Amino acid sequence: MSTASSISPGSLNDLPFDNRFTRELPADPNLVNSRRQVQGACYSRVLPTVVASPQIIAYSAEVAEILGLSREACESEQFAAVFGGNQQLPGMDPFAMCYGGHQFGNWAGQLGDGRAINLGEVRNQQGQHWTLQLKGAGPTPYSRTADGLAVLRSSVREFLCSEAMYHLGVPTTRALSLTLSGEKVMRDMFYDGNAAYEPGAIVCRVAPSFTRFGNFQIFAARNDDETLRRLVDFTIKNDFPHLGEPSQETYARWFEEICRTTAEMVAHWMRVGFVHGVMNTDNMSILGLTIDYGPYGWLEDYDSTWTPNTTDASGRRYRFGNQPTVAHWNLYQLANALLGVFDGPEPLEQALEMYSTHYEATIQSMMAEKLGLKEFEPTTDKDIIKELLEVLQLVETDMTIFFRQLSNIGIVNADDDADCLSPLKAAWYKPEQLIGDKLSRIANWVRSYRNRVQQDGTTEESRATKMNSVNPKYVLRNYMAVLAIEKSEQGDHSLVNELLELLRHPYDEQPGKEEFAEKRPEWARTRPGCSMLSCSS
């Protein structure tokens, strides 16, 4: 890699920073990077920790293009230095945000960016604002007892999943780069007292805003209505300008939009079988974006009670089937926090009621698309979908493969149950369990589905095309990430980049990549990192 000798179009030195958050909101006056409670401030200024030898091992060319960065810039030594935390560009104003949150249903008080440092806001050529944030770049005043660092294991997962979700059509934060720090970081992966050193890494996350529900909650919890109102007004003016100038009417429209976009985000999660794993209120974006990729996972065996988070294994609060309910609960906590800027609770209550109806309408429409139907027909489709979600759990069924293969089901009924299900056989982990009542019940559902498709009058070709545009062939299965991590820890980053490219086209056939579209291998069934994960990163 070489450093550009002069400023050129698309260079890092050309990035135009317009740091509205630090310019317009109250700052922590204490510039010492020490752990503490921060009062009356939305952020603390703090610099990333200098690391030994930053090395870029992957970057998203698409995110770079959004920012106006050239390929040469992304492959330069300066790029590694900047996004490894060793160099600040002109105009950067690094800071960590102050926020609180409910964790696993309990108020946790001040949390804040404990290992995330916002470098600044870039205003691109289209006039869009994009905040650049380093995750794993060292301690901040909000790190509590932690070191503020991240390991390669968790950073690979965050980098790949951010981009995978975007290409699946799920609202999400993005990832620009994945950088090795050249440092070793001590982590207890299983929380069992066997800590070990792992390679350190840093992800540069990119989003219009990283503001969370918890940013508002912390000021409400401290009865600081003045700072709360300043943050609300700032957020509306900068992140929701289409709603108009702040007023009681605008506040109502604002919270309604938050409820709507949150409902749509979770419906997308359910559409593709994604489980976030840590839906704490401090992990909920005010923009309805998926944020903070920790112990996430995709359903392989369709099990509505599954959670990928070992910390959540006993209570299963954040299980797949509970995500819409948890999102509503989180919105309720946000509504309570916002009472200080509303004249009364009625607009908040109305928006919370709207969340449920909007989520239901959204997921019904998405399910109709997954089934290749022209539109959702309540009189028939409620029962068809309800029965589908039940038969998917009769035997161990891979959700992604099942819906993808369902496009191959013809409209001509087969008398024999086994023949009826033959196009779906790749979806079952233990096909020998397809016997008796289980076999007949699933086959009867397929026949009901075929009848519904015939009533729709859609051609087989158009139905398959529609289904394959919303039912992905490729998702970031945990075992795939583990394989990439293991290679990367040995110095071979090729699989990280191969998966990055694969996941840019999740709905395409991609000849030669079929191995990544198969069921989870048996060796990964119970292996740590493939089945469940801890929050250790």
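Just above sits the structure.
Report on the accompanying structure. Not measured: the values here are computed from a predicted model. (Residues numbered from 1 in each chain as written. Predicted model: local features only at pLDDT ≥ 70, side-chain atom pairs only at ≥ 80, totals over all residues. Heavy atoms only, no water.)

We now examine the side chain of Q110. Structurally, Q110 is set in strand β5 (residues 106–110). A distance of 2.9 Å separates a polar atom in the side chain of Q110 from the backbone nitrogen of V38. A distance of 2.8 Å separates polar atoms of two side chains, one belonging to Q110 and the other to R222. Contact partners of Q110, with chain neighbours within four places excluded, come to R36, Q37, V38, C98, Y99, G100, Y142, R144, I218 and R222. (Helix = DSSP H or I, 4+ residues; strand = E, 2+ residues; numbered from the N terminus. Polar contact = N/O pair within 3.5 Å; in protein donor to acceptor, adjacent residues only side chain to side chain. Contact = heavy atoms within 4.5 Å.)

Time to look at the layout of surface pockets. In this approach a probe as big as a water molecule rolls over the atoms, and the regions it shows empty are the leftover space. Computed from the structure, the second largest pocket encloses a volume of approximately 410 Å³. Taken together, 20 residues form the lining of the second largest pocket, with Y359, I363, M367, I385 and L389 sitting closest to its centre. Of all the secondary-structure elements, those providing two or more residues to the lining of the second largest pocket are α8 (248–272), α10 (346–370), α11 (378–391) and α12 (399–406). Grouping the amino acids of the lining of the second largest pocket by side-chain chemistry returns 11 nonpolar, four polar and five charged. (1 Å grid on protein atoms, 1.4 Å probe; cavity = no way out; pocket = protein on both sides within 12 Å on 5 of 7 lines; lining within 4 Å. Points joined across faces, edges and corners; volume = space filled by probe spheres on them. Nonpolar A, V, L, I, M, F, W, Y, C, P; charged D, E, K, R; others polar.)

Among the eight residues in strand β6 (residues 116–123), seven count as buried, and that is most of the element. As defined by bridge partners, β6 adjoins strand β7 (residues 129–135) across seven bridges and the pair is classed as antiparallel. Bridge pairing in β7 links A116 to K135. The hairpin turn running from β6 into β7, its antiparallel successor, is five residues long, and G127 in that turn takes a positive phi close to 85 degrees. (Buried < 20%, exposed > 50% of the residue type's maximum accessible area, 1.4 Å probe, protein only. Pairing = 2+ DSSP bridges.)

Right, let's get into the environment of Q39. Within the element layout of this structure, Q39 appears in the loop between α1 (20–24) and β1 (43–45). When its relative accessible area of 53% is taken as the criterion, Q39 is described as exposed. Put simply, Q39 and R222 are 183 residues apart on the chain and 8.6 Å apart in space, counted from C-alpha to C-alpha.

α8 packs onto helix α7 (residues 225–239) with a crossing angle of 70 degrees between their chain directions and a minimal axis gap of 11 Å. Judged on the interaxial angle alone, α8 and α7 are roughly perpendicular. On α8, the residues that touch R229, V232, D233, T235 and I236 of α7 are T250, Y251 and W254. Each residue belonging to the contact of α7 with α8 can be placed in one class, and the counts come to four nonpolar, two polar and two charged. (Axes fitted to C-alpha atoms, helices over the stretch in contact; angles between N-to-C directions. Parallel < 35°, antiparallel > 145°, perpendicular 65-115°, else oblique.)

Okay, the environment of L352 next. Relative to the helices and strands, L352 resides in helix α10. Among the residues examined, L352 registers a relative accessible area of 9% and is labelled buried. Taking the C-alpha atoms as reference points, L352 and S440, separated by 88 residues in sequence, lie 41 Å from one another. Ignoring sequence-local partners within four residues, the contact set of L352 consists of F255, C259, H328, L331, Y332 and A335.

All chains considered together, the criterion is met by two cavities of 30 Å³ or more. In this structure, the largest cavity occupies an estimated 100 Å³ of space. What lines the largest cavity is a set of 13 residues, and nearest its centre among them are F21, E121, T131, S209 and F210. At the level of elements, α1, β3 (95–97), β6 and α7 are the ones that each hand at least two residues to the lining of the largest cavity. Of the residues contributing to the lining of the largest cavity, the split by class is six nonpolar, four polar and three charged. Size it by volume and the second largest cavity reaches roughly 40 Å³. Taken together, R271, V272, K370, M399, T400, F403, N471 and P472 make up the lining of the second largest cavity. When contributions to the lining of the second largest cavity are tallied by element, the ones reaching two or more residues are α8 and α12. Counting residues per element, the lining of the second largest cavity draws most heavily on α12, which supplies three residues. Grouping the amino acids of the lining of the second largest cavity by side-chain chemistry returns four nonpolar, two polar and two charged.

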